[in-house]
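Structural overview
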Protein chains: 2
Amino acid sequence: MAQTQKSLSCLDGVRVLDLSQFEAGPSCTEALAWLGAEVVKIENPKSGDPGRTVLTEPGRDAFYFLIFNANKKSVTIDLKSAAGKKLVLDMARTADVFVENFAPGAIERLGLGYDVLCKLNPGIVYAQVKGFGKGSSFESNLAFDMIAQATGGVMSISGEPDGRPIKPGPTLGDTGTGMLLCISILGALYEKKRTGKGQRLEVAMQDAMLHYIRLAFATQARKGGPVKRAGDQTVSGGNPPCGIFKCKGGGPNDYVYVYTSRANPEHWKRLLQVVGREDLIGDQRYATPADRTEREEEVNAIVSAWTSKHDKHEAMQIIGAAGIPAGAVLDTKELAEDRTFHDRGILQTMDHPQVKGYVMPTWPVRHDGTPVAVRAAPMLGQHSSEVLESWLGLSRHEIEGLAADKIITQRK
Amino acid sequence: MAQTQKSLSCLDGVRVLDLSQFEAGPSCTEALAWLGAEVVKIENPKSGDPGRTVLTEPGRDAFYFLIFNANKKSVTIDLKSAAGKKLVLDMARTADVFVENFAPGAIERLGLGYDVLCKLNPGIVYAQVKGFGKGSSFESNLAFDMIAQATGGVMSISGEPDGRPIKPGPTLGDTGTGMLLCISILGALYEKKRTGKGQRLEVAMQDAMLHYIRLAFATQARKGGPVKRAGDQTVSGGNPPCGIFKCKGGGPNDYVYVYTSRANPEHWKRLLQVVGREDLIGDQRYATPADRTEREEEVNAIVSAWTSKHDKHEAMQIIGAAGIPAGAVLDTKELAEDRTFHDRGILQTMDHPQVKGYVMPTWPVRHDGTPVAVRAAPMLGQHSSEVLESWLGLSRHEIEGLAADKIITQRK
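Residues numbered from 1 in each chain as written. Chains lettered and ligands numbered in written order. Predicted model: local features only at pLDDT ≥ 70, side-chain atom pairs only at ≥ 80, totals over all residues.

**A short note on the interface of chain B and chain A**
Taken residue by residue, the interface counts 118 residues in chain B and 119 residues in chain A. Broken down by element, the residue count for the side of chain B that touches chain A peaks at 15 residues, all from helix α7 (residues 172-195) of chain B. Here the residues of the side of chain B that touches chain A sort into 68 nonpolar, 32 polar and 18 charged. With 2 bridges connecting them, strand β12 (residues 366-367) of chain A and strand β6 (residues 200-204) of chain B associate as antiparallel partners. Looking at β6 of chain B, one finds that R366 of chain A is bridged to E202 of chain B. (Contact = placed C-beta atoms within 7 Å. Helix = DSSP H or I, 4+ residues; strand = E, 2+ residues; numbered from the N terminus. Nonpolar A, V, L, I, M, F, W, Y, C, P; charged D, E, K, R; others polar. Pairing = 2+ DSSP bridges.)

**Side note on the domain arrangement of chain A**
Domains assigned within chain A are domain 1 (15-212 + 346-409) and domain 2 (242-334). Its C-alpha centre places domain 1 of chain A at a distance of 43 Å from the equivalent point of domain 2 of chain A. (Domains from an automatic or database assignment.)

**Focus: the relation of the copies chain B and chain A**
Between chain B and chain A, the superposition needs a rotation of 180 degrees and an axial shift of 0.0 Å, giving an RMSD of 0.0 Å. In short, the pair behaves as if placed about a two-fold rotation axis. Most of the interface of chain B is mirrored in chain A, where 100% of its interface residues are also at the interface. (Least-squares fit on C-alpha atoms with pLDDT ≥ 70 in both.)

**Examining the packing of α7 of chain B against helix α8 (residues 205-212) of chain B**
Residues and elements named next belong to chain B. One can describe the packing of α7 onto α8 by two numbers: an axis separation of 9 Å at closest approach and a directional angle of 85 degrees. When the interaxial angle is binned, α7 and α8 end up roughly perpendicular. Along the contact surface, α7 presents L172, G173, G176, T177 and L180, while α8 presents M205, A208, M209, H211 and Y212. Partitioning the contact of α7 with α8 into residue classes produces 6 nonpolar, 4 polar and no charged. (Axes fitted to C-alpha atoms, helices over the stretch in contact; angles between N-to-C directions. Parallel < 35°, antiparallel > 145°, perpendicular 65-115°, else oblique.)

**Some remarks on helix α12 (residues 296-307) of chain A**
All names here are of chain A. Between its terminal C-alpha atoms α12 stretches 16 Å, which fits the 16 Å expected from 12 residues at 1.5 Å a residue. For α12, the full list of buried residues reads V299, I302, V303 and T307. Along the axis of α12, the buried residues cluster in a sector spanning 130 degrees; they form a single face. Of the exposed residues in α12, the ones pointing more than 90 degrees away from its buried face are E297, E298 and A301. Buried residues in α12 make contact with β7 (242-246), β8 (255-259), α10 (266-274), α11 (289-294) and α13 (312-321). (Expected span 1.5 Å × (residues − 1). Buried ≥ 20, exposed ≤ 12 C-beta atoms within 10 Å, placed from the backbone. Arc of directions from axis to C-beta.)

**Here we look at the confidence of the model for chain A**
For chain A, the mean per-residue pLDDT works out to 96, and 100% of the residues sit at or above 70. Per the prediction output, this complex has pTM 0.98; the corresponding ipTM is 0.98. (pLDDT = per-residue confidence, 0-100.)

**Comments concerning the sheet that holds β7 of chain A**
All names here are of chain A. Within the open sheet, the 3 strands sit side by side as β7-β8-β9. Their pairing is antiparallel. Strand pairing shows two members of the sheet lacking a second neighbour, β7 and β9 (326-328), which therefore form its edges. Pairs of neighbouring strands in the sheet enclose a mean axial angle of 20 degrees, with direction left out of account. Of the strand pairs in this sheet, β7 and β8 are connected by 5 bridges, and their pairing is antiparallel. Each bridged residue has a counterpart across the sheet, and for G243 the counterpart in β8 is V258. Where α13 meets the sheet, it contacts β8 and β9, and its direction lies at approximately 165 degrees from that of β9.

Quick look at the structure:
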């Protein structure tokens, strides 16, 4: 039975003018929308956010777009026309937050740079994502998720010890950056309640990556660098048994992660009981983390002998219940088919006029015990009339005029 | 020349009662501290946050701890004593935020569960991190970063296509979860300004991972699942050339990432010019993304022939300057030695009474153009007197009495 969802009201009344595209910016503004802000995407009338057309059939919004733009509104404005630009400037006067992640210099060329907007509205929180920071050697370079993961150290510490660098599956360069900007925006909004003033916020994707690999910097401080790739292990070096162990089935993800903590000697004892090797409890060959590190192969063989006879779900169940941290390596299909994610509202099935019944992960934090209500991403220009009326007080007649002049488009 | 740092005042006056440990909770409260909140860690007088002793010599705070606890205060209280518990309850009455990430059930056993604290202080934002969500099959299991990455789908989509799952180097299970909780805390604080009421916030590390692999869910919606590992590629499938290319040097990280976008045909043309193959511009064999996908090996060989003659920095410089997204695979040592990170305050050298001159990545978002000022993590019990005086109005005499009774410890 699915839990009742609730729209959050944390940011009730907060207006976000969103000129962002693809993922880093949109993931940030989507989190604001989930917290209850009114997020209005400004899109070009022709094709909108380029994310709409990533790997999809013509005329149908891409899953890519749907996933990063839930709970937002879409207003289409021709920014190259003087009248269109004026509309956006007028909207900026009434907005609390402005977000953009165009290529370096583009927003200034559009006439919507910080210097312009903060004069119109000193209360605006003006937030930007770029690939590289001001003062870096690559300040004006383009970046995408993978470029951030390459230049931000992430790839250098991900992969097999004897293999090449790999790009982790999560889009840390994009969503990881978006989340940090979101935190700063919320901090700036909180301060604005007191001061009435906005702030200028800037984050570079490369810089943001360093925040997520701080454990590697701790390791480097301890042991020198560069920090190496560690396969299934942690970059700080675990103590065996720690890692993935093959389970019955032999499929690409038929593994269970088992972690025994250095800080808790009980983990190893409990594990010996689970795998039916009580005879080794107290055995001096394996007594301390240092002993087990020395005999890593033997230790891992003891665990594998047991895991290979169980499927990963069973293995996780039994080892976990014995009080040892353990986790099956679950794939995206298994996750999507696990009813408990749907029941808990972590995955929700979306209702969209074009794309029926797709499943998307939603905001994972529970507020007062209930999942956040997710609304499908907007169709291009779906809210042009509504928003121009409510933000700028334009009349039906004025809106029709703008549409006739092709300054805006409306979806009927 | 290093930029002047500034302490942020976004959360001036916000009091955070922090019972969290290791990384998921501490990374969250550290971000709040960087935004200007007063974050007080409650630690046991004996050894404090177990993060203090991770891979370090006795009596010296671990780099692990230093990196996740900057800008906080430390108060040591014996929570097992009635008087100690009363102190924490009294602090909870005056706190805005409470954060904990103990094993399931532990905070309730300490008598500091949500039901207790929200009665004392209906304005408290009560935030918890667990491994698995309420209603999941593994609700009462323990989790650490790697368990979250295994069970949250991250490992299944990270690694070589024909290899085993790998655990990405970033501690996404910990810091990734902490950032999402931080966003919800800030949302709840914003709402509290209006309503005076707090909220209960809960996040599970497994659930949080789904937020970072949403691109894989978009891919699954499009192509079915499970989504496979893609090595150096994106899980949605790039179009060649896209990936890492070997550079001169032959070291483990001597690669450059080159990305040519499907959406921008200029990237491929520009790249052909860079690699001295203008002769192939317009060649029908490589004209469209589909053509290049069909001839992926040939296409990659064209690029490799050039990159193998340049070192990765040079390659990034030249390809990037030509307007093609490109990034050298940088390791942690190269990042730490890049002066521009220090000049920009992204990396700061810390002053700590025990551990001199360590380097740590700091909050990467610029507020009004300046880096956030980072203060070294507190010594155990460093702020016991100061905080008990300022939060609870205790007198010197009362504080000395608590210390004499071993309810608290003070650092002289």
